[in-house]
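Descriptive structure summary
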Amino acid sequence: MKKKDLWYLGVLSLFAGGLLGLLCTAVVADRLFGDQARLVSALQQTDSIYAALHQMTEGTAETGVQLLTHAGYTRAFYFGQYVWGICAGCVAVFFLFSLAIVWHQRGQEKKRAERIGGLTDYLTAVLEKRECLLQRQEDGFSQLEDEIYKTVSELQLTREQAIRERQTLADNLADIAHQLKTPLTSMRLLTELLSRDDPEDTACLERLSAQTDRLETLVSALLTLSRLDAGAVTLRREPTELYELVLRAIEPIEAQMHAAGIERRLEVASDIQIPLDPLWTAEALMNVFKNCVEHTPLGGVITVSARSNPIFTELVITDSGCGFAKADLPHLFERFYRGGNEQSGGIGIGLSLTRAILNAQDAEIRADCAPEGGARFTIKFYHTNKEQKAVWAQ
């Protein structure tokens, strides 16, 4: 119990007990005075005592009350004799009684807090997939405890079923991908084996090869998206240097950038580290860089900058192209969406794949037009989970 509570309880006990003590003392004094008066009246019947009292009162015939009053034994006398003791006793009794009630209430509150804490720990363990037993008790929380146990049991069964279905879906996707890749590989081999003497045949073979490449890319991207949607992709987070991650993402398209004379400007500190999956995140960033390269004119510039704060690490990728049309901005990350400025013959799935990979790692991506022109992609890697992250300013 806190000192502040004891102080309030003491003041209340002193006030209430004092009033009760005064009332009790007045009653006791009145009873004592009345009993003493009756005793004196009875003693008047004894001659010797009556004579002494008669002589003390100078021969006047008075009642017992009057005799006591003359002798100084008044109600005030008795009140003063007993008031402190009775008041102190009343205050003490009231204080102890109040203290017992408060102690009992605090004990009940402590038990309720422990029960709520036990149920909370059980739910936390369930959410974290740790083994935990629910200690059953018969009290006011028994009905709530039963409902929690039933709900958790149903959720565990549902989760196990979802895991089995997810694994089945992942297996089916792997089988489908294998079945699709087999004829694609055969088509590519046959294309390479065909004669290239005839110019028309050569042009047809080139178009066939390009379509085969595009189909392979589409199959691979759809397989990855489906696995991400099904939760079949395991992201292994580890401390990763952001600068090295950007270099890894640019490497597959570096030759294309060099051929187009596109300059890259990296303004990323080498000491920024983020816990993420470097392989999958590099693939996500590569799709962004690829989009920038496809929309940046010859001799253009792609700028990459980064900054970090206690809430998130922000990566900004900007190109010197024509930017986005206002009507395209809300749909850039939708699957198979191709904007009005699309000229590369893409399939409209790269940015959707990027968003799926980033969202799976508590990161978000946003696209808009830079003030100086060109497209700008802003990626925020949050240091906390999705429930705790700050809301973006719109």
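Rules used in this analysis
Residues numbered from 1 in each chain as written. Predicted model: local features only at pLDDT ≥ 70, side-chain atom pairs only at ≥ 80, totals over all residues. Heavy atoms only, no water. Helix = DSSP H or I, 4+ residues; strand = E, 2+ residues; numbered from the N terminus. Buried < 20%, exposed > 50% of the residue type's maximum accessible area, 1.4 Å probe, protein only. Contact = heavy atoms within 4.5 Å. Axes fitted to C-alpha atoms, helices over the stretch in contact; angles between N-to-C directions. Left-handed = near helix turned anticlockwise from the far one by under 90°. Nonpolar A, V, L, I, M, F, W, Y, C, P; charged D, E, K, R; others polar. pLDDT = per-residue confidence, 0-100. Pairing = 2+ DSSP bridges. Disulfide = S-S within 2.5 Å. Patch = residues over 30% accessible without salt bridge, like charges linked within 9 Å, V, L, I, M, F, W, Y side chains within 5 Å. Areas by Shrake-Rupley, 256 points an atom, 1.4 Å probe, with all protein chains shown as cover. Salt bridge = Lys/Arg side-chain N within 4 Å of Asp/Glu carboxyl O. Parallel < 35°, antiparallel > 145°, perpendicular 65-115°, else oblique. Arc of directions from axis to C-beta.

A tally of regular secondary structure across the protein chain gives ten helices and seven strands. Among the 394 residues that make up the protein chain, the fraction classed as buried is 31%. When contacts within the protein chain are restricted to residue pairs at least 6 apart in sequence, long-range pairs at least 24 apart make up 70% of them.

Attention shifts here to unusual backbone geometry. Positive phi values are uncommon outside glycine, yet D362 reaches one of about 60°. Along the chain, the position of D362 falls in the loop between α10 (350–359) and β6 (363–369). Judged by its relative accessible area of 18%, D362 is buried.

The next subject is the packing of helix α9 (residues 278–294) against α10. The interhelical angle for the contact between α9 and α10, taken along N-to-C directions, is 145°, at an axis separation of 9 Å. Note that α9 runs across α10; the crossing there is left-handed. Contact residues: α9 offers W280, T281, E283, A284, N287, V288 and N291, while α10 offers G350, L351, L353, T354, I357 and L358. Across the contact of α9 with α10, the residue classes tally to seven nonpolar, five polar and one charged.

On to α10, then. Within α10, seven of the ten residues are buried, leaving the element largely enclosed by the surrounding structure. Residues L351, S352, L353, T354, A356, I357 and L358 constitute the buried set of α10.

Now for the confidence of the model for the protein chain. It should be kept in mind that the predicted coordinates are not to be read in detail where pLDDT is low. Summary statistics for the protein chain give a mean pLDDT of 76 and a share of 70% for residues scoring 70 or more. Within the protein chain, helix α2 (residues 47–56) has the poorest average pLDDT of any element, 57, and strand β5 (residues 312–319) the best, 95. This stretch, residues 386–394, has a pLDDT under 50; its non-local contacts, to residues over four places away or in other chains, come to 14 contacts.

Our focus in this paragraph is the sheet that holds β5. Reading across from one edge, β2-β4-β5-β7-β6 is the order of the five strands in this open sheet, with mixed pairing throughout. Of all strands in the sheet, those with a lone pairing partner are β2 (263–267) and β6, marking the two edges. The mean inter-strand angle of the sheet, taken between neighbouring strand axes irrespective of direction, is 15°. The pairing of β5 with strand β7 (residues 375–382) spans seven bridges and is antiparallel. In the strand pairing of β7, V316 is matched with T378. The sheet contacts of α10 involve β6 and β7, and relative to β6 the element is tilted by about 145°.

With that settled, consider the state of the cysteines. For the coordinates displayed, the defined rule picks out zero disulfides. C322 forms no disulfide, and the closest cysteine sulfur to it belongs to C369, at a distance of 8.6 Å. The class for C322 is exposed, based on a relative accessible area of 60%.

Residues F15, L19 and L22 make up a contiguous nonpolar surface patch of about 320 Å² in total accessible area. Within the secondary structure, L19 sits in helix α1 (residues 3–43). By relative accessible area, which is 49% here, L19 ends up partly exposed.

Here we take up the packing of helix α7 (residues 242–250) against α9. Two elements in contact, α7 and α9, have axes whose closest approach is 8 Å; the angle formed by their N-to-C orientations is 60°. By the angle between their axes, α7 is oblique relative to α9. Relative to α9, α7 is oriented so that their crossing is right-handed. Contact with α7, carried on its side by L245, V246, R248, A249 and I250, involves P278, L279, T281, A282, L285, M286 and F289 of α9 and no other residues of that element. Here the residues of the contact of α7 with α9 are counted per class, giving ten nonpolar, one polar and one charged.

Glancing now at the pattern of salt bridges. Applying the stated criterion to the full structure yields six salt bridges. Measuring nitrogen to oxygen at the nearest pair gives 4.0 Å for the salt bridge that ties R106 to E109. On the criterion of helical spacing, the pair formed by R106 and E109 is a turn pair, its members being three residues apart in helix α4 (residues 75–127). A salt bridge links R265 to E263, with the nearest nitrogen and oxygen atoms 3.4 Å apart.

For α7, the full list of buried residues reads L242, L245, V246, A249 and I250. Along the axis of α7, the buried positions cluster into a sector of 130°, meaning they face one direction only.

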